[in-house]
Amino acid sequence: MTMRTSSFFSLRSVALACGLALGAVATAQAAPDAKLLAAAEKAQPAVIDNLKEMVSIESGSLNVEGLMKMADVIEGRLKAAGFKTERRKASAGAGADIVIGTIKGTGKRKIMLQGHMDTVYAPGILNSQPYKVDGNRIYGPGIADDKGGLAVMMASLKILADAGWRDYDTLTVLVNPDEEVGSVGSGELIATTADLHDTVLSFEPTAAKAVAKGESLLLGAAGIAQATLEVKGRAAHAGAAPELGRNALYELSYQMLQTKDLAKDIPGVTLNWTVARATGPINQITEKAQALGDIRITQPGAEKKLTEALQAKIASGKLIPDTETTVKVEVGRPAFVAGAKGRALAEKAQAIYKELDRELALTPMTGGGTDAGFAGRSGKATVVESFGLAGFGYHARDEYIEVDSIVPRLYLVTRLLTEIGKN
Ligand SMILES: [Zn+2]
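Residues numbered from 1 in each chain as written. Predicted model: local features only at pLDDT ≥ 70, side-chain atom pairs only at ≥ 80, totals over all residues. Heavy atoms only, no water.

Visitor: Can you lay out the overall build of the chain for me, pointing to particular residues and giving the numbers?
Guide: If you tally the helices and strands in the chain, you get twelve helices and 19 strands. Relative to the globule expectation of 22 Å for 423 residues, the C-alpha radius of gyration of the chain, 24 Å, shows essentially globular dimensions. Seen through its C-alpha atoms, the chain measures out along the principal axes to roughly 85 × 50 × 40 Å. Put simply, the chain has 423 residues, and 52% of those count as buried. (Helix = DSSP H or I, 4+ residues; strand = E, 2+ residues; numbered from the N terminus. Rg over C-alpha atoms; globule rule 2.2 N^0.38 Å. Buried < 20%, exposed > 50% of the residue type's maximum accessible area, 1.4 Å probe, protein only.)

Here is the structure:
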């Protein structure tokens, strides 16, 4: 998915080879801001310490105790950068806190930075996947998604605070505890808070070298919905009178299989059945069964077409007579579409990366969901995603970040914030 444009490098090498037009090319690339770059380099060890500190706290989306410890760490760091902080309980879900930090400046722009402190991992993950440094990689659960993003955000704010930067009306930080479960208790707050700002930078990770030619920013992400397929059958003794039962589990399996490829004919939407449950017990013909399907939306409205197709298919036939099947689709996180103003901001970021002689690709769309969808829901704020660290293995095993992405990302975020402040 990630594309890399290498026009700058090829242009310059052509110019070097021919001995022409060097001056013209050189003016296209501004020199880096030496103070910010030096500050970014100086901050790298502190970022790594902060990563170790946060990875050592297990903070799965249901781990309220761990999430509260994460909130303490974030609040402490924000206070150290001069922010006023507050904590609000997420309105639904496990009941952990959302951390909100605010600081007033002397400029005009209202800027929001967002990230999340929850991970997808179950309690005890650190026993099998501990924090580990190996060359340019640092491993740990959640280290890329999204603790790396939080570390970049907090270190960038500290660098700018130490530099005395005040060229903003308001800086707001919003860190939620439930991104990996659809931001059920924070999505509305993200959307309404983002609406009070001009610009939102979101700090999900960017892809590592193993899977991408270069780092990127993200301009679009799929929306997420959930399909629920339910079958009512009839209970009966599985040994003495199975013929009196109507096996809901068999019917559920049949319906999952006959609908599994439906979305492939509908542009802008995917469906994968990922969870199935049945009542049991083992000696009873299954009375009720339920499947959940993961739906991703890249074209608004595609989920409605999918719902209609699901309903039509289910009505078209069944395996077990007398069973009753229903299906519903509920939309969770909205699709993220950065649009023209998001792209313009991302192009500014590309120019900043060129100051470091680095390329920054712009990824138009990913299948992974992001809270940038909530932030950009109304279209009021300019929203760009993926200011976190380069990493790989998120939602999987052996998750890592790349150390050599820390300094460029700190430089990018601090420089871009100062640029945004100027407008
Ligand atoms: Zn994430």
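Visitor: How would you sum up the pattern of salt bridges? Please name residues and give values.
Guide: Opposite charge on two side chains makes pairing possible when the charged atoms of those side chains draw close. Scanning all chains against the criterion turns up 25 salt bridges. Note that Glu179 is salt-bridged to Arg333, the shortest N-O span being 3.4 Å. With Glu179 in the loop between strand 6 (170-176) and helix 7 (187-194) and Arg333 in the loop between strand 14 (324-331) and strand 15 (336-337), this pair connects stretches of sequence that are 154 residues apart. For the pair Glu179 and Arg333, one class covers both residues: buried. Among the ionic contacts, a cluster of salt bridges with common partners joins Asp72, Glu75, Lys79, Arg87, Lys89 and Asp97. (Salt bridge = Lys/Arg side-chain N within 4 Å of Asp/Glu carboxyl O.)

Visitor: Explain the packing of aromatic side chains to me, using residue names and the numbers behind them.
Guide: For the coordinates displayed, the defined rule picks out four aromatic pairs. Connected via pairs of aromatic rings, a cluster forms that spans Tyr139, Phe392 and Tyr400. The side chain of Lys132 reaches across the aromatic face of Tyr139, ending 4.7 Å from its centre. (Phe/Tyr/Trp six-rings, centres within 6.5 Å; stacked < 30°, edge-to-face > 60°. Lys NZ or Arg CZ within 6 Å of the ring centre and 35° of its normal.)

Visitor: Break down the coordination of the zinc ion for me, with residues and values.
Guide: Protein ligation of the zinc ion involves His116 (NE2), Asp145 (OD), Glu204 (OE) and Glu204 (OE), the donor distances falling in the range 1.7 to 2.6 Å. Linear spacing of the donor residues for the zinc ion on their chain is H-x28-D-x58-E. With a gap of 59 residues between them, Asp145 in helix 6 (residues 143-162) and Glu204 in the loop between strand 7 (199-202) and strand 8 (206-207) connect regions that are remote in the sequence. (Donors = N, O, S within 2.8 Å, 3.2 Å for Na, K, Ca; no water.)

Visitor: Explain the domain arrangement of the chain to me, and be specific about the residues and the numbers.
Guide: When its domains are assigned, the chain resolves into domain 1 (34-222 + 335-422) and domain 2 (223-331). The distance between the C-alpha centroids of domain 1 and domain 2 comes to 37 Å. Tallying the contact residues gives seven residues for domain 1 and five residues for domain 2. Looking only at domain 1, the three residues that lose the most surface to domain 2 are Ala222, Ala335 and Met365, adding up to 68% of its buried area. Scanning the region where domain 1 abuts domain 2 turns up zero salt bridges. Inspection of the region where domain 1 meets domain 2 yields zero residue pairs in polar contact (both at pLDDT 80 or more). For the side of domain 1 that touches domain 2, the per-class residue count stands at four nonpolar, three polar and no charged. (Domains from an automatic or database assignment. Contact = heavy atoms within 4.5 Å. Buried area = accessible area lost by both parts, 1.4 Å probe. Polar contact = N/O pair within 3.5 Å; in protein donor to acceptor, adjacent residues only side chain to side chain. Nonpolar A, V, L, I, M, F, W, Y, C, P; charged D, E, K, R; others polar.)

Visitor: Hey, could you go over empty space enclosed by the protein for me, with residue numbers and the actual values?
Guide: For the structure on display, the rule yields two cavities of 30 Å³ or more. For the largest cavity, the calculated volume is near 60 Å³. In terms of lining residues, the largest cavity is bounded by Gln114, Gly115, His116, Asp146, Asn176, Glu179, Ile190, Ser202, Glu204, Thr370, Asp371 and Glu385. Considering each element in turn, the lining of the largest cavity owes the most residues, three residues, to strand 3 (residues 110-116). Considering only residue class, the lining of the largest cavity consists of one nonpolar, six polar and five charged. Approximately 50 Å³ is the volume attributed to the second largest cavity. Along its surface, the second largest cavity is lined by Val55, Ile57, Glu58, Ser59, Gly60, Thr119, Tyr121, Ala122, Pro123, Ile125, Pro141 and Lys147. Broken down by class, the residue content of the lining of the second largest cavity amounts to seven nonpolar, three polar and two charged. (1 Å grid on protein atoms, 1.4 Å probe; cavity = no way out; pocket = protein on both sides within 12 Å on 5 of 7 lines; lining within 4 Å. Points joined across faces, edges and corners; volume = space filled by probe spheres on them.)

Visitor: I'd love a proper account of the sheet that holds strand 8, names of residues and values included.
Guide: The five strands are arranged 4-5-19-18-8 in an open sheet whose pairing can be described as mixed. If you trace the sheet from one side to the other, it starts and ends with strand 4 (132-134) and strand 8, each paired once. Bridging between strand 5 (residues 137-139) and strand 19 (residues 400-402) involves three bridges; their strand directions are antiparallel. For Arg137, the partnering residue across the bridge sits in strand 19 and is Glu402. Of the strands in this sheet, strand 5, strand 18 (390-392) and strand 19 touch helix 6, which is tilted by about 50 degrees from strand 19. (Pairing = 2+ DSSP bridges. Axes fitted to C-alpha atoms, helices over the stretch in contact; angles between N-to-C directions.)

Visitor: Can you break down the sheet that holds strand 14 residue by residue, with the values?
Guide: The four strands are arranged 12-13-11-14 in an open sheet whose pairing can be described as antiparallel. Here the strands that pair on one side only, and so sit at the sheet edges, are strand 12 (269-278) and strand 14. Taking the axes of each pair of neighbouring strands and ignoring which way they run, one obtains an average angle of 20 degrees across the sheet. The strands touched by helix 9 (residues 302-315) within the sheet are strand 11 (223-232), strand 12, strand 13 (288-297) and strand 14, with strand 14 carrying the most contacts at an inclination of about 175 degrees.

Visitor: Give me the lowdown on the layout of surface pockets, citing residues and values where you can.
Guide: Empty space within the largest pocket amounts to approximately 1,300 Å³. Lining the largest pocket are 41 residues; nearest its centre among them are Ile224, Arg296, Gly368, Gly369 and His395. Broken down by secondary-structure element, the contributors of at least two residues to the lining of the largest pocket are strand 8, strand 9 (216-218), strand 11, strand 12, strand 13 and strand 18. For the lining of the largest pocket, the element with the most residues is strand 13, which contributes four residues. Across the lining of the largest pocket, the residue classes break down as 15 nonpolar, 18 polar and eight charged. Split by domain, the residues of the lining of the largest pocket number at least three in each of domain 1 (34-222 + 335-422) and domain 2 (223-331). By volume, the second largest pocket amounts to about 490 Å³. In this structure, the second largest pocket is lined by 22 residues; those nearest its centre are Ala155, Lys158, Ile159, Leu160 and Asp162. Those elements giving two or more residues to the lining of the second largest pocket turn out to be helix 3 (34-55), helix 4 (64-80) and helix 6. A total of eight residues in the lining of the second largest pocket trace back to one element, the largest contributor, which is helix 3. Its residues assigned to classes, the lining of the second largest pocket comprises 13 nonpolar, three polar and six charged.

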